[in-house]
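# Structure at a glance
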Amino acid sequence: MDPKAPSDPIDPLLAGASVAPRTAGRSRAGLVGDPIGGERGWQFLCLAEIANFSDLRRHLGRSRADRLVVDVATRIGQVMPHARLAVVGRTLVELTFESDDRDDLREALDTLEYAFAAPAEFEHESYTLQMVFGVAAARALGCDDVRLAEEAEEALARARGERRVQVRDLTELAPAIDDSTLTAELPKAIKAGQLFLQFQPK
């Protein structure tokens, strides 16, 4: 199903405004705003960033540019009313949502990209919000929220470089072990005799 364009432009909001988290019932794509129980549920965390913020600040001025992130959150709320939203930085919006079907993520991302494809109007001038999206996906049952956030941040970092949506699926990624954890756990493993040496001839 093709996403539909929003009928109204991004409206300028008052400085200092915030966007409350949104929850709603099931949408046409089967996405929901409340966590799903059961093994078939999927949880998604998407970071949406204004990639051309510096250019827009020079064009619009600092005061107006600082409110763009609220405009972004408002537009996302219009096209994805089921998602829970939070403004987490000057250029960054976080949205979370769930679905029974992993494939619903593709439709959600198409909807987001389409929502920002057309220029917005401000004081009779048009400007384009160039957005990048980094997404992490995981099974809702037993989902590690911290790891989900870390993978979304990694996806966003890659999206900045490639200027296209990046998705990291936790079901396809091995858990990362950081240096501090390895340093702390290795002596314990050696003392407990939990290490073994595996050699594979070439």
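Whatever comes next refers back to the structure up there.
So, here's what we can say about the structure. Source: prediction; values computed, not measured.

## Considering unusual backbone geometry
In this model, Arg-163 sits at a positive phi of 55°, which is unusual for a non-glycine residue. Secondary-structure assignment places Arg-163 in the loop between α5 (145-162) and β8 (166-169). Overall, Arg-163 belongs to the exposed group, its relative accessible area being 52%.

## Considering the nonpolar core
Among the nonpolar cores identified, the biggest contains 37 residues, and Ile-76, Leu-95 and Leu-129 are the most heavily contacted of them. Among the secondary structure elements, those contributing two or more residues to this core are β2 (42-50), α1 (53-60), α3 (68-79), β4 (92-99), α4 (104-115), β5 (120-122) and β7 (131-139). Here this core gets 7 residues from one element, more than from any other, and that element is α3. By size, the runner-up hydrophobic cluster in this structure holds 12 residues, among which are Leu-47, Val-132, Leu-148 and Ala-152.

## Description of the pattern of salt bridges
Pairs may arise between side chains of opposite charge once their charged atoms sit close together. The tally for this structure, following the rule as stated, stands at 13 salt bridges. Between Arg-106 and Asp-110 there is a salt bridge, with the nearest N and O atoms lying 3.0 Å from each other. Of the two residues, Arg-106 and Asp-110 are both situated in helix α4; the distance of 4 residues between them amounts to about one turn of the helix. One continuous salt-bridge network, built from bridges that share partners, spans Arg-62, Asp-66 and Arg-90.

## What to know about the packing of aromatic side chains
In the structure shown here, the tally under the stated rule is 1 aromatic pair. One residue, Arg-102, lies across the ring of Trp-42, its end atom 5.7 Å from the ring centre.

Criteria and cut-off values
- Residues numbered from 1 in each chain as written.
- Predicted model: local features only at pLDDT ≥ 70, side-chain atom pairs only at ≥ 80, totals over all residues.
- Heavy atoms only, no water.
- Helix = DSSP H or I, 4+ residues; strand = E, 2+ residues; numbered from the N terminus.
- Buried < 20%, exposed > 50% of the residue type's maximum accessible area, 1.4 Å probe, protein only.
- Core = buried A, V, L, I, M, F, W, Y, C linked by side-chain atoms within 4.5 Å.
- Salt bridge = Lys/Arg side-chain N within 4 Å of Asp/Glu carboxyl O.
- Phe/Tyr/Trp six-rings, centres within 6.5 Å; stacked < 30°, edge-to-face > 60°.
- Lys NZ or Arg CZ within 6 Å of the ring centre and 35° of its normal.

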